[in-house]
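Below are the chains, spelled out letter by letter.
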Amino acid sequence: MNSEPQFSMSQVGIGWRQPHYESLLKRAPALGFLEVHSENFFAPGGAALAVLMAGRVQYPISLHGVGLALGSACGLDAWHLERLADLVDRVDPVRVSDHASFARVPGQGGRASLHASDLLPIEFNQNSLDVMVSHVQQVQERLRRPILVENLSAYLGWDDAGSEGLSEVDFFNLLTQRSGCGLLLDVNNLVVNARNQGANKAEAVTQAQAWIDAIRLGSVGEIHLAGHAELPGIVIDDHGSRVSAEVWQVFSHAIERLGPLPSLIEWDTDVPALDVLLGEAELARRAMAECSGPVTV
């Protein structure tokens, strides 16, 4: 008899990438949800959308975007938001998310806005918070549902020494409180950022755990787990390997404090065999089974 139903695979998902489209549909492994990148399915028809809808028959779908550029002071891309709204209407996802980043800047001389192909870090201050709150509310009103906003892995930062500077976690606490959105907590990003700011592995774990301890309870809607690359002088959030021991430590701390929230294994580069991803998902399930913290479903 299973004595741990609340810790089943119903709370664990994997990022569904093209190499596994066919094999996952055929095997239908026990997973709680699949997460896809929203922008890959913006076309109104075609093979990609057909595959997504086939997956939707078997699993709940979480839509994770990279292009809303919620922190861009020049405003949201209306075309992008409309395509996302159309996709949300088709799929009826369990969650919709994007990042606390900017990517758009105004064009010069009447030209269209420029959009960088990257997730650029925002400044953590009151002005940035006001922009983010406004844009998040605009998205939520169009989608008719709350969204989740992910904390970013960043390789450069802003000088926030002024009187309006906020810590990153305070920024997210205010963002979720004022806009009604949730936080998509990426524990790998916390570790990567701490390492790139000079912390060793043990110190990075301690700093990430302290970040989690400062989160406003009830604001986290999903957790992301991923691997990172250790390079000379820098740690890269490449989603190209197994979850590290340090990130598993931080994940365990997160679910002890927050409860066993829906959690995702991300793997976007050097995508391995499906069984490798399923093995990582099983490790997340086991970590949840060992959790003694509050249950948040």
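Values in this document were obtained by computation on a predicted structure and should not be read as measured data.

1. Points about the sheet that holds strand E1 (residues 12-15)
Link 1 in the chain: Pairing is parallel in the closed barrel, where eight strands are placed in the order E1-E2-E3-E4-E7-E8-E9-E12. Mean inter-strand twist for the sheet, computed between neighbouring axes without regard to direction, equals 25°.
Link 2 in the chain: Pairing analysis gives three bridges linking E1 to strand E2 (residues 33-37), with the strands arranged parallel. Looking across to E2, one finds that Gly13 is bridged to Phe33.
Link 3 in the chain: The sheet contacts of helix H8 (residues 245-258) involve strand E8 (182-186), strand E9 (220-225) and strand E12 (263-265), and relative to E9 the element is tilted by about 165°.

2. Notes on the pairing of strand E3 (residues 61-64)
Link 1 in the chain: Residues Ile61 and Leu63 line one face of E3 and the alternating positions Ser62 and His64 line the opposite face, and both faces are buried.
Link 2 in the chain: With four bridges joining them, E2 and E3 adopt parallel strand pairing. Bridged to Glu35 within E3 is Ser62.
Link 3 in the chain: You can see the chain leave E2, run along helix H2 (residues 47-58) and come back into E3, and the turn it takes is right-handed.
Link 4 in the chain: In this structure, E3 lies alongside strand E4 (residues 95-99), joined through three bridges in parallel fashion. When the sheet's bridge partners are listed, His64 is paired in E4 with Ser97.
Link 5 in the chain: What joins E3 to E4 is helix H3 (residues 78-91), and the crossover it makes is right-handed.

3. Observations regarding the nonpolar core
Link 1 in the chain: Ile14, Val149, Leu185, Val187 and Phe251 are the most contacted members of the largest nonpolar core, which has 77 residues in total.
Link 2 in the chain: Aside from chain neighbours lying at most four places away, what touches Phe251 is Val187, Ile223, Leu225, Ser263, Ala284, Ala287 and Met288.

4. Some thoughts on H2
Link 1 in the chain: In this model H2 runs 17 Å from its N-terminal to its C-terminal C-alpha over 12 residues, within 8% of the 16 Å that 1.5 Å per residue would give.
Link 2 in the chain: Residues of H2 that are buried: Leu49, Leu52 and Gly55. Along the long axis of H2, the arc covered by the buried residues comes to 120°, so they all point the same way. Opposite the packed face of H2, turned more than 90 degrees from it, sit the exposed residues Ala47 and Val57.
Link 3 in the chain: The inward-facing, buried residues of H2 contact helix H1 (21-27), E2, E3 and H3.

5. Things to note about the packing of aromatic side chains
Centre distance and the angle of the planes are the two values used to describe a pair of aromatic rings.
Link 1 in the chain: Counted by the stated rule, this structure contains six aromatic pairs.
Link 2 in the chain: Arranged with centres 6.0 Å apart and planes meeting at 80°, the rings of Phe171 and Phe172 form a pair that is edge-to-face.
Link 3 in the chain: Judged by relative accessible area, Phe171 falls into the buried class, the value being 0%.
Link 4 in the chain: The exposure class of Phe172 is buried, given its relative accessible area of 2%.
Link 5 in the chain: Plain terms: the ring middles of Trp248 and Phe251 are 5.9 Å apart, the flat faces sit at 75° to each other, and that makes the pair edge-to-face. Here Trp248 pairs with Phe251, and both are found in helix H8, just three residues apart, close to one helical turn.
Link 6 in the chain: Under the relative-accessibility criterion, Phe251 is labelled buried at 0%.
Link 7 in the chain: Members of the aromatic cluster, joined through ring pairs, are Phe124, Phe171, Phe172 and Trp211.
Link 8 in the chain: Across from the ring centre of Phe33, 4.5 Å away, lies the NZ or CZ of Arg95, which sits over that ring.

6. Focus on the side chain of Glu168
Link 1 in the chain: Considering the arrangement of structural elements, one finds Glu168 in helix H5 (residues 168-179).
Link 2 in the chain: Arg257 provides the closest opposite charge to the buried, unpaired Glu168, separated from it by 14 Å.
Link 3 in the chain: Among the polar contacts made by the side chain of Glu168, one reaches the side chain of Trp211 at a distance of 3.1 Å.
Link 4 in the chain: Apart from the residues lying within four places of it in its own chain, the contact partners of Glu168 are Phe124, Asn151, Leu152 and Trp211.

7. Topic: helix H9 (residues 274-289)
Link 1 in the chain: Helix length check: H9 (16 residues) gives 23 Å between terminal C-alpha atoms against 22 Å at 1.5 Å per residue, within 8%.
Link 2 in the chain: The inward-facing, buried residues of H9 abut E1, H1, E9, H8 and E12.

8. Notes on the packing of helix H7 (residues 201-213) against H8
Link 1 in the chain: H8 packs onto H7 with a crossing angle of 20° between their chain directions and a minimal axis gap of 9 Å. As judged from the angle between their axes, H7 and H8 are roughly parallel. The handedness of the crossing between H7 and H8 comes out as right-handed. Along the contact surface, H7 presents Lys201, Val205, Ala208, Gln209, Ile212 and Asp213, while H8 presents Glu246, Gln249, Val250, His253, Ala254, Arg257 and Leu258.
Link 2 in the chain: In terms of residue class, the contact of H7 with H8 is made up of six nonpolar, three polar and four charged.

Conventions used here
- Residues numbered from 1 in each chain as written.
- Predicted model: local features only at pLDDT ≥ 70, side-chain atom pairs only at ≥ 80, totals over all residues.
- Heavy atoms only, no water.
- Pairing = 2+ DSSP bridges.
- Helix = DSSP H or I, 4+ residues; strand = E, 2+ residues; numbered from the N terminus.
- Axes fitted to C-alpha atoms, helices over the stretch in contact; angles between N-to-C directions.
- Contact = heavy atoms within 4.5 Å.
- Buried < 20%, exposed > 50% of the residue type's maximum accessible area, 1.4 Å probe, protein only.
- Right-handed = clockwise from strand over helix to strand, strands pointing away.
- Core = buried A, V, L, I, M, F, W, Y, C linked by side-chain atoms within 4.5 Å.
- Expected span 1.5 Å × (residues − 1).
- Arc of directions from axis to C-beta.
- Phe/Tyr/Trp six-rings, centres within 6.5 Å; stacked < 30°, edge-to-face > 60°.
- Lys NZ or Arg CZ within 6 Å of the ring centre and 35° of its normal.
- Lys, Arg positive; Asp, Glu negative; His and termini not counted.
- Salt bridge = Lys/Arg side-chain N within 4 Å of Asp/Glu carboxyl O.
- Polar contact = N/O pair within 3.5 Å; in protein donor to acceptor, adjacent residues only side chain to side chain.
- Parallel < 35°, antiparallel > 145°, perpendicular 65-115°, else oblique.
- Left-handed = near helix turned anticlockwise from the far one by under 90°.
- Nonpolar A, V, L, I, M, F, W, Y, C, P; charged D, E, K, R; others polar.

These figures come from the coordinates and say nothing about function on their own.
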